[in-house]
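# Results of the structural survey
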Protein chains: 4
Amino acid sequence: MKRIGILTSGGDAQGMNAAIRAVARSANSAGLEAYGINYGYKGLVEGNIELLDLDRLDGIIKRGGTILYSARFPEFAEKEYQIKGIDQLKKFGIDALVVIGGDGSYHGAERLTQHGFNSIGIPGTIDNDIPGTDFTVGFDSSVNVAVDSIDKLNDTATSHQRTFIVEVMGRGAGDIALWAGIATGADAIVIPEHKYDIQAIADKLNKNRENGKDHGLIVIAEGVMSAQNFKEELDQHGDFDSRAVTLAHVQRGGQPTAKDRVFATQLGDYAVRLLLEGKGGLALGVHNNKLIATEIIDTLENHKHQTDLSLLELNDRVRF
Amino acid sequence: MKRIGILTSGGDAQGMNAAIRAVARSANSAGLEAYGINYGYKGLVEGNIELLDLDRLDGIIKRGGTILYSARFPEFAEKEYQIKGIDQLKKFGIDALVVIGGDGSYHGAERLTQHGFNSIGIPGTIDNDIPGTDFTVGFDSSVNVAVDSIDKLNDTATSHQRTFIVEVMGRGAGDIALWAGIATGADAIVIPEHKYDIQAIADKLNKNRENGKDHGLIVIAEGVMSAQNFKEELDQHGDFDSRAVTLAHVQRGGQPTAKDRVFATQLGDYAVRLLLEGKGGLALGVHNNKLIATEIIDTLENHKHQTDLSLLELNDRVRF
Amino acid sequence: MKRIGILTSGGDAQGMNAAIRAVARSANSAGLEAYGINYGYKGLVEGNIELLDLDRLDGIIKRGGTILYSARFPEFAEKEYQIKGIDQLKKFGIDALVVIGGDGSYHGAERLTQHGFNSIGIPGTIDNDIPGTDFTVGFDSSVNVAVDSIDKLNDTATSHQRTFIVEVMGRGAGDIALWAGIATGADAIVIPEHKYDIQAIADKLNKNRENGKDHGLIVIAEGVMSAQNFKEELDQHGDFDSRAVTLAHVQRGGQPTAKDRVFATQLGDYAVRLLLEGKGGLALGVHNNKLIATEIIDTLENHKHQTDLSLLELNDRVRF
Amino acid sequence: MKRIGILTSGGDAQGMNAAIRAVARSANSAGLEAYGINYGYKGLVEGNIELLDLDRLDGIIKRGGTILYSARFPEFAEKEYQIKGIDQLKKFGIDALVVIGGDGSYHGAERLTQHGFNSIGIPGTIDNDIPGTDFTVGFDSSVNVAVDSIDKLNDTATSHQRTFIVEVMGRGAGDIALWAGIATGADAIVIPEHKYDIQAIADKLNKNRENGKDHGLIVIAEGVMSAQNFKEELDQHGDFDSRAVTLAHVQRGGQPTAKDRVFATQLGDYAVRLLLEGKGGLALGVHNNKLIATEIIDTLENHKHQTDLSLLELNDRVRF
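Bear in mind the structure is a predicted one, so any value in this text is a computation, not a measurement.

## Points about the relation of the copies chain C and chain A
With an RMSD of 0.0 Å, the fit of chain C onto chain A corresponds to turning through 180 degrees and sliding 0.0 Å along the axis. Taken together, the turn and the small shift mark the pair as related by a two-fold rotation axis. Rotation axis and chain C: the residue whose C-alpha lies nearest the axis is Asn288(C), separated from it by 2.2 Å. Interface residue correspondence from chain C to chain A reaches 100%, placing this contact among same-surface, isologous pairings.

Right under this line is the structure:
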């Protein structure tokens, strides 16, 4: 093996650049060259491929986004494009591929492996909703961005006796909402995995006011409904001087946290070592604090991301 | 003079606590006691007043929000309530008052002074829209929060070739939009003080794409329209893969910047020194880098905040 | 059981306040009152004890330091003082105690339990060097502070072709150095657990310069030697335009990260639940991503903190 | 005029990249090309010069350090090297030069102008010690870094009843110390411009302890002495559980603040407009909130930076 290719796919997440760097550096250490494929699977098919040298990699470990860009390319589900992609890789003398992205991106890696081109997936997404891993690259950073923003909102809530309803990312998974909500002392956390009770939430806020706490915080995952819709529903159960705020794309960007950088570095290096052993079709992750590699097919077909619902019970006990 | 009172009014802004501390400490240094009035003019009328001692003040210089809370109280426009407020102040032996807030809050200070109770206003608001000062306490912090958020959005914009339309605060004044837009390299800044040309903006974004810059950023002040409405208008002039983001209340909170802390400290101390000289009915501020005190009536009636439109021309020259 | 006491002991760490809040709130939820003991074991013996009510707890989840203060009190190793402490607790009607601090603090909790007063320890220290847990409260925050500082130094190193030698905390454990070093792309990480080879490090830096990377970064744990001493040693092996920087106490303070807040909240709540079950003499922690409780005696006598040395090998592969 | 050159010289400062970008973009807007000279005057003489295109400039507005690097080159004081520099510039078709750096760097710009090559200086240094301007690019960012670090130290000081002596940058000027000290509530600020009284400082700390404030903070500029030396002196006047901390190079790096980005952008653009008018030998700056341009010779020979000592008196009034 002489050359390893890397691409990022799906939504960007903090730590993707740290993973790119780790793949490239670990490959270099093993005597291989690393090539970056720009614009995901689209760039793969188009042959938008460049050597990752010192200049491209220097200083990127701390940067948000992805220096390899990302792009939608649903056509890659078709075999024709997969074969074209492999042809491009071979043209550049590339022998194996690392794909950083969500579970949608894993399918491509799986197909390429089935066509004889070893490919490995690294879970990069802020939502933490990928099966086969307890955590994804970007999740920790994203939660910290959300927490930092909600801390600021709490300043105003306290000063003005308001209730903020804050919508965080997470279409199918409530992980960001759970972590951010506990870390900011939310009065309620509303997630797709658990049916909420609007009357109980209003009762709680009212009881807080009776007890002398006249500001409130509700963190809601976008997968349930918008903050604005939740506000309108809540307003029908009492007057909490409520305000709806949507944190939106801010959660995806900025410098990755230490944890995401270290984790991304571990996974990038692990991917290279597995490819050097001739392996492919694997999804990397962490389980019980240990790095793991599972078959992509099995992982996607037979496993689902499990949100840690014990955090919801925890919040019921520690909120005021 | 033995005791000085302090209250915060209107929307909270970073640096209000630094101003409260400065008033209290400067009063203490001059041998006076300082009393905090909770919940603005409402608390004044209700006599919600407490000594500001070491415990209340320790560590607040760095905190967002206001430890004295704020509350709406339009009734204070009536003389009856103003007299009640003065009665409460006298009951606590308070001889003079500092009001931290927006121009709405200045009216109260003016009335109290007219009734013989010397009161001075400190400009505390993120919008920078108060006449009689080049800058307000909170503006610098708020711009930095906006810039930090937009930096994060730029990571995603670059990775995904998108155009973000970011709505920042500023109902009547485009100052936050101007500063934040220049500091983040906006392709267009849209403010209430200047008519925008949607076709020119679309042309600019298209030209950028031709020249190889495939992501975009438009910063818009809330006073013009919502980010979402602007997006819909822009989308009719081209396909820029646009996304609308509203930074909302996040801009009001968090730790004040060094500049806001120093500025708030200067103003709080200045207010005490003027009150000690027997002055009242003044609005404090900074003009051409020097602290100034102007008559509230004259300031509100005869002056308007001047947004620095040279920044708009500057951005036209330095954007790509 | 009616009342639970809480104290913090040893060096302060980010997240201690989040743990205090969690203990108090979880106790409240179970129908108990929570009392804070100021100034650690010293305050315990002196009876410096207060109810933790809404006002004391509001907003502390995000604050660095400890609202209960900490103080040295080696006298608590003597039985006489331990009994005095229990007397004070009984005087306040307190039935059980949570101690947040390092392994030194655990001894006190162990003794109190042996005297019949159930006490549980929560690992709070930035160094991550407490046996019985994979991570301590404060470690993640501290690493992020170090990373943020080193990122800044890297700006100057790159601009001026310098080599920075950065000393981070960690007397016996290299964990902060390892994590911060990997997260910032260090050329070498020097820790107490592994003998360093100064010639090899100099060779690496020289080779980097030959390959076009003319700036350098070495992260060293304080337990090995000071940055200044290391610099002097390194300077004898080549001219790297080196600068020594000691991050010092800055690493202990500031707002805790999301992870430390959630982890501290989990542990505080877990402590209350165990005390309610009538248990004591336990050290809490996390192992393989699960909360655990181990006997303090066994933990301190038979276990040692294990630094993850695979991170050192990882860095050898991914550095330039 | 067709091409403008830009170089950075002296110590790096946050905002230098924003200035580089502004010079280049403003030049582009006027129909000129912009060329970056790497490694300051050294690179100028060696002809290390490159076109500043989209790729070089994209995203740099928010980055610390300088993408053009800096290097010591005392030889440039000699006419021989100045002429060589001009030859190189002419070889690249460059007609005018912008130099970003400290007053040392201004001398070079002045000499080049005297030899007929128009050059303009932009004040870029964290120390704020350049004559001809109220503020320098980097000062605001640097103060905010210092404030952020001292906030963290205050957490530990409060928790452990300690006194921190914090050394900030500033060899000849106490500006960083003054601003950072006021913004963090320092008990004493020690600067080169004002003789300190160690006994008075010790008395103040003792009086604080009597009044119930048992932690302390002293901010000292490096130009006076090291924090460690000051600590040793202070320790002879009382027991304040003091700790010395040197913030060091951390203050130079990291993302520039909004103010530094806007200011750097204004100056970069202003430099281009003046060069287009055929002017040279000028030092740019801000005075009383207005952009100014003064003759370099006159500025360096007849003016000195004036530290605002009213801030020292202010701190005497507002500290506890």
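## Remarks on the interface of chain C and chain A
Opposite the 47 residues of chain C that make contact, chain A presents 47 residues. Summed over both sides, the interface of chain C with chain A buries roughly 3900 Å², with 56% coming from carbon and sulfur. Between chain C and chain A we count six salt bridges in total. Our enumeration of links across chain C and chain A arrives at 20 residue pairs in polar contact (both at pLDDT 80 or more). Of all the secondary-structure elements, those providing two or more residues to the side of chain C that touches chain A are helix H1 (16-29), helix H6 (139-160), helix H7 (175-183), helix H10 (258-276) and helix H12 (310-318) of chain C. No other element matches H10(C), which puts eight residues into the side of chain C that touches chain A.

## Quick notes on the domain arrangement of chain A
Residues and elements named next belong to chain A. If you check the domain split of chain A, you get domain 1 (3-138 + 256-302) and domain 2 (141-253). Computed over C-alpha atoms, the centres of domain 1 and domain 2 are 34 Å apart. On the domain 2 side, the residues contacting the 13 residues of domain 1 number 14 residues. Three residues, Gln14, Ile126 and Asp127, lead the burial of domain 1 against domain 2; their summed loss comes to 50% of the area buried on that side. Where domain 1 meets domain 2, there are one salt bridge. Between Asp12 and Arg252 there is a salt bridge, with the nearest N and O atoms lying 3.1 Å from each other. Across the contact surface, domain 1 and domain 2 share nine residue pairs in polar contact (both at pLDDT 80 or more). Across the side of domain 1 that touches domain 2, the residue classes break down as four nonpolar, five polar and four charged.

## Re helix H1 (residues 16-29) of chain B
All names here are of chain B. Between its first and last C-alpha atoms H1 spans 20 Å; for 14 residues at 1.5 Å apiece the expected length is 20 Å, and the two agree. Summarising burial for H1: twelve of the 14 residues are buried, a large majority. Here H1 has its buried residues at Met16, Asn17, Ala18, Ala19, Ile20, Arg21, Ala22, Val23, Ala24, Arg25, Ser26 and Ala27. Directly after H1, the chain includes Gly31, whose backbone phi takes a positive value near 85 degrees.

## A look at the side chain of Ser242(B)
Residue and element names in this part refer to chain B. Checked against the element boundaries, Ser242 lands in strand S9 (residues 242-246). At 3.1 Å, the side chain of Ser242 forms a polar contact with the side chain of Lys231. Among residues more than four places away in sequence, those in contact with Ser242 are Thr163, Ile165, Lys231 and Asp235.

## Here we look at the sheet that holds strand S6 (residues 163-168) of chain A
Residue and element names in this part refer to chain A. Strand order in the open sheet made by the four strands is S7-S8-S6-S9, with parallel pairing throughout. A strand with exactly one partner marks an edge of an open sheet, and here the two such strands are strand S7 (188-190) and strand S9 (242-246). Averaged over neighbouring strand pairs, the angle between their axes works out to 20 degrees when direction is ignored. Sheet topology places S7 next to strand S8 (residues 216-221); three bridges connect them, and they run parallel. Counted as the bridge partner of Val190 is Ile220 from S8.

## Quick look at the interface of chain D and chain C
The interface of chain D with chain C comprises 33 residues on the first partner and 33 residues on the second. In this assembly, chain D packs against chain C so that about 2300 Å² is buried in total across both faces, 58% of it on carbon and sulfur atoms. Area buried by chain D at its contact with chain C is led by Lys152(D), His249(D) and Val250(D), which between them contribute 24% of it. Scanning the region where chain D abuts chain C turns up zero salt bridges. Across the contact surface, chain D and chain C share 14 residue pairs in polar contact (both at pLDDT 80 or more). Mapped onto the side of chain D that touches chain C, the elements with two or more residues apiece are helix H6 (139-160) and strand S9 (242-246) of chain D.

Reading guide: rules and limits
- Residues numbered from 1 in each chain as written.
- Chains lettered and ligands numbered in written order.
- Predicted model: local features only at pLDDT ≥ 70, side-chain atom pairs only at ≥ 80, totals over all residues.
- Heavy atoms only, no water.
- Least-squares fit on C-alpha atoms with pLDDT ≥ 70 in both.
- Contact = heavy atoms within 4.5 Å.
- Buried area = accessible area lost by both parts, 1.4 Å probe.
- Salt bridge = Lys/Arg side-chain N within 4 Å of Asp/Glu carboxyl O.
- Polar contact = N/O pair within 3.5 Å; in protein donor to acceptor, adjacent residues only side chain to side chain.
- Helix = DSSP H or I, 4+ residues; strand = E, 2+ residues; numbered from the N terminus.
- Domains from an automatic or database assignment.
- Nonpolar A, V, L, I, M, F, W, Y, C, P; charged D, E, K, R; others polar.
- Expected span 1.5 Å × (residues − 1).
- Buried < 20%, exposed > 50% of the residue type's maximum accessible area, 1.4 Å probe, protein only.
- Pairing = 2+ DSSP bridges.
- Axes fitted to C-alpha atoms, helices over the stretch in contact; angles between N-to-C directions.

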